[in-house]
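Take a look at the letters that make up each chain.
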Amino acid sequence: MADEKKTRKSRAQASADREQLEEIERLRKEMLERSERAIKLRSNDREFHGLNREFQYAQAELTRDYLKSKDVKHPRDVGTIREVLLRRFLSASGYLPRRYAVSTTSFRAVSTTGLLSNELDIALIDPFDSIRLMNREDVFEVFPIESVHGAIQVKSRLTETELASALKNIASFKRLQRNSVTSHGFGIIFCYETGMAWLDIVAKLEAFMAANPPTVWPNAVFILNVGFFAFGSSNSGHFLNSDIETIEQPQVHGRPDQGDLLYSMHSVLLELLRTSGTAPPPFDAYFSLPLVAEERSYRFSMGQFAEVGSCGKHGDFSRKIPPPELERLVEWCSTAPAINWIRANDLGMGHPGDNEAAYARQPGDVRIYNPDGLPLPEILYRQSLFDGREVKTIDYDIVEVGGIPIFVPRHYTEAEGIITGCPTCAKGRGQKGQ
């Protein structure tokens, strides 16, 4: 009985969704017909009377090309074709100023923090100062985030799954930090069609809005021949990052297509480009990027010498700090006292730590991860044999997080698993790499 009620409710909802889409399509066709009649009358008077007609032609052509692409059956090929259709319009229509350029392939953006965006379809870049960090057979590129104004994620048919994927990809781009550029990049979602009801799209955008900071919200969602959506206040929708990020009581706004959706998207795109910033990327900063643990980045001060561990049984392995351990390390050290790095080593060697002149000559503070409050000589140095003699050698790693160097004693590395060991050995013990 309960299943029957659920089935009837599901059918009723599906019927309501279809009716809603049909009503939107009816209104769209009615407005488009009126617009076409007006354009026809104007065209009798003069050759050019505004962009209205030109963008209606372009939207109709894009729609026809999209429908023709349905003859292709392989999903990857279909997706590539539909990216190419929008990319061709943007780059060849003549409506994009030459100070901006469109990427020729799918891409990822990367920041000097080491964080990398998910794969995105179209980049709007600076054609003069941009550089390409990586290229593979002209089908995949990596750009420094400083070179990219914004990104467009293209979807063929918008579903709940595809919308969630597009939102995630745009967020991965907008979270990246830029050097010498104060503004965030922008992100647009463009779809050719959808089977989702209007209110369902609004609900999914509202859920994303509630779960994520405004800095990673998409600037707009456009669905060809259906309409567009934007975040805003109670009065109107906003497209610019500066406006979106200051909304106090955000709402999702939408407008059905009136035959001018492609024009609306391009108009928003131009305004986003005018208000976004790029800068010559810091080339040297991209030579060796930090390691990444989810949203944080870090590096070993000894670089690749410290990144590579060696297991007598299984050979070389990568030494890493898992996200929970890095978070714990940062949280504890955020309240730990800073100490001059020479003084720290003096104390670790068992010296008084009172050579103020030496510390003044070699400034630089560090934090020492020592949650148990152990004596520094016990955790910073150990006795080792060298050329038949016992000598003291350092027994800690230096990890830089957010520009702050942290001494991580190997005592805690082993006791708490802060830095991973041989993953094969750990797997055999049923543990994570330690």
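Note: the structure precedes this text.
The rules behind these values
- Residues numbered from 1 in each chain as written.
- Predicted model: local features only at pLDDT ≥ 70, side-chain atom pairs only at ≥ 80, totals over all residues.
- Heavy atoms only, no water.
- Helix = DSSP H or I, 4+ residues; strand = E, 2+ residues; numbered from the N terminus.
- Buried < 20%, exposed > 50% of the residue type's maximum accessible area, 1.4 Å probe, protein only.
- Contact = heavy atoms within 4.5 Å.
- Salt bridge = Lys/Arg side-chain N within 4 Å of Asp/Glu carboxyl O.
- Phe/Tyr/Trp six-rings, centres within 6.5 Å; stacked < 30°, edge-to-face > 60°.
- Core = buried A, V, L, I, M, F, W, Y, C linked by side-chain atoms within 4.5 Å.
- Axes fitted to C-alpha atoms, helices over the stretch in contact; angles between N-to-C directions.
- Parallel < 35°, antiparallel > 145°, perpendicular 65-115°, else oblique.
- Nonpolar A, V, L, I, M, F, W, Y, C, P; charged D, E, K, R; others polar.
- Lys, Arg positive; Asp, Glu negative; His and termini not counted.

**Some points on the side chain of H149**
Right, on to step 1. Here H149 shows up in strand 6 (residues 148-158).
Right, on to step 2. On the accessibility criterion, H149 (5% relative accessible area) is buried.
Right, on to step 3. Excluding residues within four positions of it along the chain, H149 makes contact with Y100, L124, I125, D126, R178, G185, F186, L273, S276, G277 and T278.

**Looking at the pattern of salt bridges**
Right, on to step 1. All told, the structure shown has 19 salt bridges when counted by the stated rule.
Right, on to step 2. Residue E271 is joined to R274 by a salt bridge in which the shortest nitrogen-to-oxygen separation is 2.8 Å. Of this pair, E271 and R274 both sit in helix 7 (residues 261-275), three residues apart, which is roughly one turn of that helix.
Right, on to step 3. Among the residues examined, E271 registers a relative accessible area of 32% and is labelled partly exposed.
Right, on to step 4. For R328, the salt bridge is made with E325, and the minimal N-O distance between the two is 3.8 Å. Taken together, the residues R328 and E325, both in helix 9 (residues 323-333) and three residues apart, mark about one turn of the helix.
Right, on to step 5. Taken together, the shared-partner salt bridges in this structure form one network comprising R319, R382, D395, D397 and R410.

**Points about the packing of aromatic side chains**
Right, on to step 1. Taken as a whole and assessed by the stated rule, the structure comprises 16 aromatic pairs.
Right, on to step 2. Centroid distance F107 to F173: 6.5 Å. Interplanar angle 85 degrees. Geometry classified as edge-to-face. Residue F107 is located in strand 2 (residues 106-110), and its partner F173 is located in helix 4 (residues 160-174); the two are separated by 66 residues in the primary sequence.
Right, on to step 3. Under the relative-accessibility criterion, F173 is labelled buried at 1%.
Right, on to step 4. One aromatic cluster is present, formed by F55, F89, Y95 and Y263 through successive ring pairs.

**Points about the nonpolar core**
Right, on to step 1. I189, L205 and F229 are the most contacted members of the largest nonpolar core, which totals 41 residues.
Right, on to step 2. If we skip the residues at most four places from it in the chain, I189 touches Q153, L163, A166, L167, I170, P218, A220, V221 and F222.
Right, on to step 3. A58, L90, L124 and L272 belong to the second-largest nonpolar core, a separate cluster that totals 32 residues.

**A few points about the packing of helix 2 (residues 51-69) against helix 7**
Think of two packed helices as two axes; the pair is described by the angle between the axes and how far apart they sit.
Right, on to step 1. Across the interface, helix 2 lies against helix 7 with an axial gap of 8 Å and an inter-helix angle of 110 degrees. Judged on the interaxial angle alone, helix 7 and helix 2 are roughly perpendicular. Across the interface between the two elements, L51, F55, A58, Q59 and L62 of helix 2 pack against L261, L262, Y263 and H266 of helix 7.
Right, on to step 2. Along the lines of polarity and charge, the residues of the contact of helix 2 with helix 7 split into seven nonpolar, two polar and no charged.

**Thoughts on the side chain of K174**
Right, on to step 1. Secondary-structure assignment places K174 in helix 4.
Right, on to step 2. No salt bridge is formed by the buried K174; its nearest oppositely charged neighbour, E245, is found at 5.5 Å.
Right, on to step 3. For K174, the residues in contact, after removing those within four places along its chain, are H184, G185, F186, G187, T215, V216, W217, N219 and N241.

Nothing here speaks to function; it is all geometry.
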